[in-house]
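The primary structure of each chain is shown beneath.
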Amino acid sequence: MLQRPKGTRDFLPEEMEGRRAIEGRLRDHARAWGYREIATPAFEHLELFTVKSGEGIVSEVYAFEDKKGLRMALRPEITAPVLRMYVNEGRSLPKPLRWFYFADCFRYEDPQKGRYRQFWQFGTELIGADTPEASAEVILLAGDLLGATGVDFTLQVGHLAPMKKVLAPLPLEVQARVMRFLDKRDFDGMERYLAETRAGGDGGWQAILGTLRDLTAVRDLEELWKLVGDIPERPGIEALDRILAREGLSFSWNFAIARGLDYYTGMVFEGFASNLGAENQILGGGEYRLARLFGGDDAASAGFAIGFDRVVVSLRNAQEIPVERWPVVMVITQGKGRELAFSAARAFRDAASPEAPAGGIGYRRQKRIVALVDLTEQNINKKMSHAAKVADFAAIIGDREAAEGTVTLKDLHTGDQVSLSLDDAVTEVMKSGPR
Ligand code: HAM
């Protein structure tokens, strides 16, 4: 028996319906903030990701040579492709651009719960705005989107400038390595590495390590300035703090956030699900400048991506994901009724509720009826017992019903049975509540 590749998943209908319901809420909320959906190719030139994504990502890229010998890669993330697209297509559009995407990414990682080789990101990019309000919008939007999914989460916001000031005495490649240790919250590894390289000289690296540990504990801006002194980014960070406080966003400052990707330039932030274990990071993002690197203008950008699969795992741990269910009718015909099977089913399908069902934001707002046509040649008892497993109602049309122009509508949950005109049967099914 052939197995699916390691780190990938199959999704049965129940799973897909739950995923689509959550995706629908994310889309609705992103659209209400003025973000519009875009899409980029599943594969790109490898170079797009090696330029600035950073060592961590590049070692995980699914890279391959195409038939012409060009080096290609399945996208490990979508920010670089979006900025490539902006440089190719979007430069003359009115800025700032507000874009969102929902697509799969590929990383050659060691799979575990919440960590896959194919996974989905719901992300947004704000291109061409460089104010504290722009940073604030991105963080507030992230909070709004995570809130819309129903997941229980916390947000941590940081900025790379204080950390970079602490690391400044170290050579650039050492800084990059140290930031990767920070990203993994691996202080032991960092200490071993710094002791080995002795970058900054004796005493130098130890002092830096000490300050980095202190930086991890900083939770408010006063403490931060005391630790690292004044920096040019201070007014921007303070303005962002004021906006987020004014908007009542619940978050904490964390100036040890380093992010695993190399393109970030300023504010960085992460979201965590409260009920997940090791793979509890459900969102990551920040400010970056990639457009110029790809041959465009130096557009200031900021964005984030939600790890959609982790959100789904978190929700399933907490509750059943509510999906909007439509009533299901099995049309069962016999004798003269057989010719009426498809037209009767169509009458059920064509009916649509005039307005959204109560209960808010769904993927599809109109209630419809699902109509199945019985395709077997079994006896009526077998047909009925199959119908009871897959449908809410059976609409039976035999010789008598065909002659009278009626259907026998049986509620498969209660066993109640009535003889009705087709129109009335449709109305009756549409009226039925959730099962
Ligand atoms: P990232 O932190 O690498 O950022 O990924 C974003 C989110 O994707 C993570 O927080 C995590 O929830 C999810 N994720 C990452 N790897 C996996 C995996 N192997 N399996 C399941 N989920 C995973 C980015 O990709 C940036 N492009 C985000 C961004 C957008 N920055 C600016 N704009």
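Higher on the page you've got the structure.
Residues numbered from 1 in each chain as written. Predicted model: local features only at pLDDT ≥ 70, side-chain atom pairs only at ≥ 80, totals over all residues. Heavy atoms only, no water.

1. Focus on helix H4 (residues 79-90)
Given 3.6 residues to a turn, an α-helix orients residues that are three or four positions apart in the same direction.
Stage number 1. In this model H4 runs just 14 Å from its N-terminal to its C-terminal C-alpha over 12 residues, more than 12% under the 16 Å that 1.5 Å per residue would give.
Stage number 2. With 9 of 12 residues buried, H4 lies mostly within the body of the structure.
Stage number 3. Of the residues making up H4, those classed as buried are Thr 79, Ala 80, Pro 81, Val 82, Leu 83, Met 85, Tyr 86, Val 87 and Gly 90.
Stage number 4. As for H4, its buried residues are in contact with strand E2 (43-45), helix H2 (47-50), strand E5 (97-106), strand E6 (118-127), strand E10 (281-288) and strand E11 (301-307). (Helix = DSSP H or I, 4+ residues; strand = E, 2+ residues; numbered from the N terminus. Expected span 1.5 Å × (residues − 1). Buried < 20%, exposed > 50% of the residue type's maximum accessible area, 1.4 Å probe, protein only. Contact = heavy atoms within 4.5 Å.)

2. Some remarks on helix H14 (residues 380-390)
Stage number 1. Those residues of H14 lying buried are Lys 383, Met 384 and Ala 387. Buried residues in H14, looked at end-on, bunch into an arc of 95 degrees, giving them a common side. In H14, the exposed residues that point more than 90 degrees away from the buried face are Asn 381, Lys 382 and Lys 389.
Stage number 2. Buried positions along H14 lie against strand E12 (328-333), strand E14 (393-397) and strand E15 (406-411).
Stage number 3. Capping of H14 at its N-terminal end is provided by Asn 379; its side-chain oxygen lies 3.1 Å from the backbone amide nitrogen of Asn 381. (Arc of directions from axis to C-beta. Polar contact = N/O pair within 3.5 Å; in protein donor to acceptor, adjacent residues only side chain to side chain.)

3. Thoughts on the pattern of salt bridges
Stage number 1. Evaluation of the coordinates by the stated rule reveals 29 salt bridges.
Stage number 2. Of the charged contacts, one joins Glu 247 and Arg 246 as a salt bridge, the two residues approaching to 3.4 Å between their closest N and O atoms.
Stage number 3. Glu 247 sits in the partly exposed class, given a relative accessible area of 45%.
Stage number 4. With a relative accessible area of 63%, Arg 246 lands in the exposed category.
Stage number 5. Between Glu 401 and Arg 400 there is a salt bridge, with the nearest N and O atoms lying 3.4 Å from each other.
Stage number 6. The class for Arg 400 is partly exposed, based on a relative accessible area of 46%. (Salt bridge = Lys/Arg side-chain N within 4 Å of Asp/Glu carboxyl O.)

4. Digging into the sheet that holds strand E1 (residues 36-37)
Stage number 1. Pairing is mixed in the open sheet, where 8 strands are placed in the order E1-E5-E6-E11-E10-E9-E7-E8. The open sheet terminates on both sides in strands that have one partner only, identified here as E1 and strand E8 (252-253).
Stage number 2. With 2 bridges joining them, strand E7 (residues 153-159) and E8 adopt parallel strand pairing. Of the residues in E8, the one forming a bridge with Gln 156 is Ser 252.
Stage number 3. Its contacts with the sheet put helix H1 (residues 13-32) on E1, E5, E6 and E11, and the angle it makes with E5 is roughly 160 degrees. (Pairing = 2+ DSSP bridges. Axes fitted to C-alpha atoms, helices over the stretch in contact; angles between N-to-C directions.)

5. As for the site of the ligand
Stage number 1. Near the ligand you find 26 residues, and of these Glu 77, Thr 79, Glu 109, Tyr 264 and Gln 281 are the closest.
Stage number 2. Note that an oxygen atom of the ligand is positioned 2.7 Å from one of the backbone N or O atoms of Gln 281.
Stage number 3. In this structure, Leu 283 approaches the ligand through a main-chain N or O atom, which is 3.4 Å from an oxygen atom.
Stage number 4. Within the residue set of the shell around the ligand, elements represented by two or more residues are E6, E10 and E11.
Stage number 5. Element by element, the count of residues in the shell around the ligand is highest for E10, at 6 residues. (Near = heavy atom within 4 Å.)

6. A short note on the nonpolar core
A general trend in soluble globular proteins is that nonpolar side chains are found buried together.
Stage number 1. Membership of the largest hydrophobic core comes to 105 residues, with the highest contact counts inside it found for Leu 212 and Phe 269.
Stage number 2. Formed by 20 residues, the second largest nonpolar core is a distinct cluster that contains Val 329, Phe 348, Val 407 and Val 426. (Core = buried A, V, L, I, M, F, W, Y, C linked by side-chain atoms within 4.5 Å.)

7. Overview of the side chain of Arg 259
Stage number 1. Positionally, Arg 259 belongs in the loop between E8 and strand E9 (264-273).
Stage number 2. For Arg 259, a relative accessible area of 10% translates into the label buried.
Stage number 3. Discounting chain neighbours no more than four positions away, the residues touching Arg 259 are Asp 183, Tyr 264, Val 268, Phe 269, Glu 270, Gln 281, Gly 284 and Gly 285.

Shape is all these values report; function is a separate question.
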